[in-house]
Each structure stands twice: as C-alpha cells, then as structure tokens.
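Architecture and fold: a report
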Amino acid sequence: MAGRTLFDKIWDRHVIQELGGGYALMHVSRHLMHDGGAAALERNRKKGYKVRDTALTFATMDHAVSTEPGRTAATRSQFVARLDSMREECKLAGVRLFDIGEPGQGIIHVIGPELGATLPGTFLVCGDSHTCTHGGMGCIAFGIGSSEVSHVLATQSLVQRRPQTMRATFDGTLAPGVRAKDLILYLIGQIGTAGGTGYALEYAGSAIRSLPVEGRLTLCNLSIEAGAKIGFVAPDETTYAFLKGRPFAPKGEMWDKAVADWRTLPSDPDAVFDREVKIDVARIAPQITWGTSPEHVVAVTERIPDPKSVADPDKQRAMQAALDYMGLKAGAPIAGTPVDWVFIGSCTNSRLSDIQEAAALAKGRKVAAGVTAWVVPGSETIKRQAEAEGLDRVLTEAGFQWREPGCSMCLAFNGDRVPPGKRSVSTSNRNFVGRQGPGARTHLASPAMAAAAALTGTISDVRSL
Amino acid sequence: MEKFTKLAAIAAPIMRQNIDTDMVIRVERLRDLPPEKLGPYAFESWRYKPDGSEAPEFVLNRPPYRDAKVILAADNFGCGSSREAAVWSLFAFGIRCVIAPSFGPIFYNNCFQNGLLPVALPLEVIEELVAEVEASQGTGKVSIDLEACTVTSPSGKVTSFKIDPLRREALLSGQDQIEQTRGREKEIAAFEQGDRQRFPWLYQSA
Ligand code: SF4
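First, a word on what this report is: a plain description of the structure on this page. (Residues numbered from 1 in each chain as written. Chains lettered and ligands numbered in written order. Predicted model: local features only at pLDDT ≥ 70, side-chain atom pairs only at ≥ 80, totals over all residues. Heavy atoms only, no water.)

Before going further, it helps to examine the overall build of chain A. When helices and strands are tallied, chain A shows 15 helices and 19 strands. Relative to its length of 465 residues, chain A is compact, with a C-alpha radius of gyration of 21 Å against a globular reference of 23 Å. Dimensions of chain A, computed from the C-alpha atoms along their principal axes, are close to 55 × 55 × 45 Å. For chain A, buried positions account for 66% of its 465 residues. (Helix = DSSP H or I, 4+ residues; strand = E, 2+ residues; numbered from the N terminus. Rg over C-alpha atoms; globule rule 2.2 N^0.38 Å. Buried < 20%, exposed > 50% of the residue type's maximum accessible area, 1.4 Å probe, protein only.)

The geometry of a pair of packed helices is captured by two quantities: the angle between their axes and the separation between those axes. All names here are of chain A. For the pair helix H6 (residues 180-191) and helix H8 (residues 213-221), the least separation of the axes is 8 Å and the interaxial angle reads 25°. Between H6 and H8, the angle is such that the two are roughly parallel. In this structure, the crossing between H6 and H8 has a hand that is right-handed. Residues Ala180, Lys181, Leu183 and Ile184 of H6 form the contact with H8, whose participating residues are Gly215, Thr218 and Leu219. Among the residues making up the contact of H6 with H8, the classes are represented as four nonpolar, two polar and one charged. (Axes fitted to C-alpha atoms, helices over the stretch in contact; angles between N-to-C directions. Parallel < 35°, antiparallel > 145°, perpendicular 65-115°, else oblique. Left-handed = near helix turned anticlockwise from the far one by under 90°. Contact = heavy atoms within 4.5 Å. Nonpolar A, V, L, I, M, F, W, Y, C, P; charged D, E, K, R; others polar.)

Many structure descriptions define interface size as the accessible area lost when the parts assemble. In this complex, chain A contributes 73 residues to the contact, which on the side of chain B involves 52 residues. Here chain A packs against chain B, burying approximately 5200 Å² in sum over the two surfaces, 55% of which is carbon and sulfur. Together, Tyr23, Tyr49 and Arg52 of chain A form the three largest contributors to the area buried by chain A at its contact with chain B, with a combined 11%. Between Arg417 of chain A and Glu28 of chain B there is a salt bridge whose closest N-O contact spans 2.8 Å. Taken together, the connections running from chain A to chain B amount to 19 residue pairs in polar contact (both at pLDDT 80 or more). Of all the elements in the fold, those that place two or more residues in the side of chain A that touches chain B are strand S1 (15-20), strand S2 (23-27), helix H5 (146-155), strand S8 (157-161), helix H10 (252-262) and helix H11 (313-326) of chain A. Considering each element in turn, the side of chain A that touches chain B owes the most residues, seven residues, to H5 of chain A. Classifying every residue of the side of chain A that touches chain B gives 28 nonpolar, 23 polar and 22 charged. (Buried area = accessible area lost by both parts, 1.4 Å probe. Salt bridge = Lys/Arg side-chain N within 4 Å of Asp/Glu carboxyl O. Polar contact = N/O pair within 3.5 Å; in protein donor to acceptor, adjacent residues only side chain to side chain.)

With that settled, consider the sheet that holds strand S1 (residues 6-9) of chain B. Strand pairing in a sheet relies on backbone hydrogen bonds. The paired strands run either parallel or antiparallel. Residues and elements named next belong to chain B. Taken in spatial order, the four strands of this open sheet run S1-S6-S7-S8, and their pairing is antiparallel. Bordering the open sheet on either side are S1 and strand S8 (158-160), each of which pairs with just one other strand. For this sheet, the mean inter-axis angle between neighbouring strands, taken without regard to orientation, is 15°. Bridge count between strand S7 (residues 150-152) and S8: three bridges; the pairing is antiparallel. Paired with Val151 across the bridge in S8 is Thr159. (Pairing = 2+ DSSP bridges.)

So, on to unusual backbone geometry. Residues and elements named next belong to chain B. For the peptide bond that leads from Pro63 to Pro64, omega is -5°, which places it in the cis range. Here Pro64 is to be found in the loop between helix H2 (44-47) and strand S3 (70-73). One non-glycine residue, Phe43, adopts positive backbone phi at about 55°. Looking at the element boundaries, Phe43 is found in the loop between helix H1 (21-24) and H2. The exposure class of Phe43 is buried, given its relative accessible area of 0%. With a phi angle near 65°, Asn76 is a residue other than glycine that sits in the positive phi range.

With that settled, consider the sheet that holds S8 of chain A. The three strands lie next to each other as S1-S2-S8 (chain A), forming an open sheet whose pairing is antiparallel. At either margin of the open sheet sits one strand with a lone partner, and together these are S1 and S8 of chain A. With strand direction ignored, the average angle separating the axes of adjacent strands in the sheet is 25°. As paired elements, S1 of chain A and S2 of chain A share four bridges and run antiparallel to each other. Opposite Val15 of chain A, over in S2 of chain A, you have Met26 of chain A as the bridge partner. Across the face of the sheet, helix H8 (residues 185-198) of chain B comes into contact with S1, S2 and S8 of chain A while running at roughly 140° to S1 of chain A.

Attention now goes to the site of the ligand. Close contacts around the ligand come from His63, His109, Asp128, His130, Ser346, Cys347, Cys407, Cys410, Leu411, Asn429 and Arg435 of chain A, and that covers them all. The class makeup of the residues in the shell around the ligand is four nonpolar, five polar and two charged. (Near = heavy atom within 4 Å.)

In an α-helix, one turn spans 3.6 residues; hence positions three or four apart end up facing the same way. Residue and element names in this part refer to chain A. Of all 10 residues that make up H5, 10 are buried, and the element is covered over most of its length. Considered for burial, the residues of H5 that qualify are Ser146, Ser147, Glu148, Val149, Ser150, His151, Val152, Leu153, Ala154 and Thr155. Gln156 occupies a position one or two residues after H5 and carries a positive phi of about 55°.

Have a look at this one:
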C-alpha cells in the first residue's frame, strides 16, 4: 500500500461519517469568524440553533472596521450598526470575540496563528476564501459560504467532498530580494488561476522548509488564487517554535503530546499525489502583476506581455481587456510604470516581518512625491510589537501612513479605497477589476516591492534600491 | 430551499473566463441588502453605465435574455471571494442554472445550498450551445433535466453531465442540510467524545 499524504492523515481523523460518492460529514475542530458572521449567527438564533461548541469558535472584527489612526467605536458611522450586531450576536451565542482595541483583534487569518488558535492537524474553516492561509501551520483550512457557516455553528460539522491531492515542490535557494509572495505569484503564473481547482495543494521542497512561518502563511494565502481552496505546508520544528507559548497553544504535558502527534503528520516518502509540479526557485525574480487576474504576472525585469502572443482567443480577449483597464501597453517594460498609491497590509502580507522589511527599506528614504503610501498592520498585537520596535516612527518619518489593524484597502469594504483610475502597488492577493475601489488599478507584489514602489514613485526592482 | 428538477429556459451567454464573484456582486451590496433583494445588482458593473442607466449592449439587458434562467459561461466561473451573495444575486435575478467548463470551488458549493444548479460541461459543448442560442436570437431554449442528468440544446442535441449523487439528491428534494445533519446527532456526539480522548490538546486551552 502506498504511503499517505499529510492531507490524507488530517482528513481521515476528522471524518464523522462517510456519506458515499466521496462525501463525508467532517468534524470542524476550529471555526473562525469575522464581522460578516453576524447574519449567520442571527439566522441560527432565530431558528433556535445553539452554537454547538463555542470553545472551538473564535471571532474578531476586520472587514468593516475603520483603520483610521485614533479610531473609536464611532469612526465610520455607516458600519457601526454592523459591528454592533456582531458584538450582540456573539454575546447572545457565547462566542468569544476579539474586539477593537484588544490584543487578538485583527484580520482573522492573521490572528488565528498569532493566538495559537490555529494548530497543526486541525480541520479549520471560516466564512472567507483566504482561510487557506492557515494551511501554513500544517492544517486543513478552507473558506466556506454563509450557509455553510450556519451549518458549522449548528452542528460543528460540514459535509464536504474529499478533493484530489497536488504537490508543488519548490527546490533551490531564493535569490536576494525574492520572498514567499514571489514564489506563489510565480506558481500562479505557471499553472493559472484554475490550475489547482479540485485539489488540496501541498507546498513542499527545500525552499519551503527554509521559509519562516510568516512566509508559509503568505504562500498558502494565495492558494485560492491558484484555484485550490485548500493549501498547506507540513508542520516542522519551525512551526513548533513559532507556536510554543502562544495564548491558545497547548501547554505543559499537553504540548509534548501534541508535538509528538504533529511529527507523525507529514506526507510519507512514498505517498502518491494526483498531480505534481516542480519549480526551480533559483529562476524566480521579484514578481509583479500587470493585469486583472493573479495569473497576469511577470518578473519585474520583464515586459508587459502581448495578447497576440497567446493562441487561445478567450485568453487573448481577457488580456486585452486587462491592459485597457490597467492603462498599460503590451511590450513596454513593467518597471518604471508610475504609481499613485501603495498599500502594505492584508492577510497576505501584514505581519511583523513584512512591516520590518518595509521599514528597513524606508529608513533614511522618503516616499516619492505624489504617492500615498499606507501601512496597515494585520493585528493589534502586531501593531503594538511594531511600535515597540519603533517601526511606526521609521515609516511615518519616511512619509508612510501608519494605521489601525483591519482588512482596509484589500477589498475597500470599509471605505478605504484607491480612487478611480489611480495605480496602486498592493501586498494583498486580488487584483480584480474594482477590488480596491471602482476603477482602481492594482498591481500585486511583495512588501519589499511595494515599499520600493512607494520610495521611487514607480514600479521598481527592489534589488536596485 | 427551492427544488431543482427540470428546466427549459432562455440561456444567456457570458463567455468570459474567470468571472469572479466580485464581478457578480459588488462588495458594497453585501452591506445592507437581504439575499432576495440582490437581483438588480447581479453583474452591476456591466449592467449599468456610470450614470445608473442600463448598458444596452450587455446581454442581460437585451430581450429575450432579460428573462434568462440559464447562464452559459467559460472556465472558472465564480472564482474569488466566498461571498454567497454571488449566488443569491443570480438566484434573485431568476438564474437557476449556470453551465461552465469549471467553477470556483466555494461558489460551486454555495450553489447547492441555494437551489442553483452548476453544470460542468466541456468548453466545446458550451460553445455549440452558444452558437445555437445566438442563431435563434436567444429564443431557442436550453433544457436541463437533473433526473436524467442531461442538457438539451435548442435543436435537440442531448449531452449528459456528471454530478455527485449526494448533491443531486439534495437539489431534487430541496432538503435542508442543517436539519439533515442534526439527524446524525448520535454519530456527531460519539465522534466528539472520541476526539476529546484522542486529541485532548485541541480542547485544553480553547
Ligand atoms: S485582508 Fe483582504 S483577503 Fe484578507 S480577509 Fe481581509 S478582505 Fe479578505
């Protein structure tokens, strides 16, 4: 018998009941909620469904919160009602909520690992597509819809179909200036935004082993942009060192038991995957998207591709529409394109190391004239850590705005928007039409590349700074 | 949930790859509107001009496609955000079936929670359907039979599709999944008890 994959091992231990045809009733060991969850809580309350296991449920506020410096409960009044209803529903349901101003508040995919709520081997869901981020801790984590959120709240379980497995092996050493974000954007450029559809995607190889946990979270965050709703990295010593001592991580003797169990999780050497991709990391330069889909990506040293260079007429049309929307010309170098806005934040890249990296580049430099540059920490805890290290001062002295934690300009839900027609370099995960505000033009890149764009006023190769 | 059994309806071709859920429903609409009021906002940025008037060239604004219950689409329909409002807005508009070569995985699941049938067919088959529909100026109906798992083109060409039996049953009966799972209380409780013994650290500090 062939060995088992990490995915098989975690999946199998959560099966409550096989339902036939590849479907199973799965036990949910961690349910995370953001401020969009009030509707599901209210729906269930009205139907008389109690939250089945509040101890396994964690909630925070992120999408609708203001990120204005010095925000209060009344800032951005159009959202106050929404946040209040989340507070009220969590209270009625007995769900623990990390609210504005408390350590623990932040983007749900940042605080899960930060609190130690996200643990290796768990089956974790959240009503948000970037839940795949948590896979960086060595668990099965994926986004669900609002009806499924109701189902999980009421039954602590979910009916799911077992996906196929895929492995992307990244071997080699990262070149200077190349980050986890570049690895995953490069992969999406290679396999396309539907390349991982139907698969649970394991990231493996020497380059992944050498990534810190924060980089692994960034990598897994974009799995859904590759079509895979589940993406993960096997847990290892790096994971355990990151987790130990976090507020909700196991303690004492339980910690040792847990680690002993987690060590059995990685895929067996003879495990077979339904699809394999191999990437030579040495060939990857810093990446930047040029279009309106994450697969519209090039190295910063490359030229903007010509739609005529592809055979598929549908692809050609999509590429031309993207160029028109972005106001770019095929064949021109992407570097040197003038930039109006820079956003360093989101569940992809708003962690302490991302902010440290931006601050290191900003030190002694200035944001270029005409550029508005924001840094939005992913959580209250990160904000406090960064301030303790003086990073906020370095950034504000250079001309960046230092803001309060939340999703912010990643999806412009809370009113933080890039104005129409303006060009933004963003560390988030979606460059869709209008994602950062109607008419906004988004280029996705790493925090280092985003900082470089802010400081030079153009899309620039961070290695030349 | 509304049942889905059979349908013969106008089908609107929107043959663009990677139609994401942001395109189906704008994020601003998630704020205040209940699911059943989202119909006017499906594909909002394509259906209306910046001044709020209808964009006459967009397919869902043209007769007979205004009455479409089926959408014919290209690869990776419904990719992106998990927002279930994408399904709600299509449903409120009147759409009951989307036919595409592939779907965003979360959108695909959300469809089944709301009585909307996603049918995966090869691109060539969909292109033939589009050709027939367009040749009839949109009046030729596309029929979907979930019991037989077939799609029939306006000219009568029949193609079978595959769908998971469990999903098919749920749509055919319109059953509520939460109620069904609550019926498995014994299994869930037994699992929980065992899980606490096998993996006590999951319950320790949480
Ligand atoms: S930061 Fe952006 S992608 Fe992440 S959860 Fe918030 S809105 Fe979604």
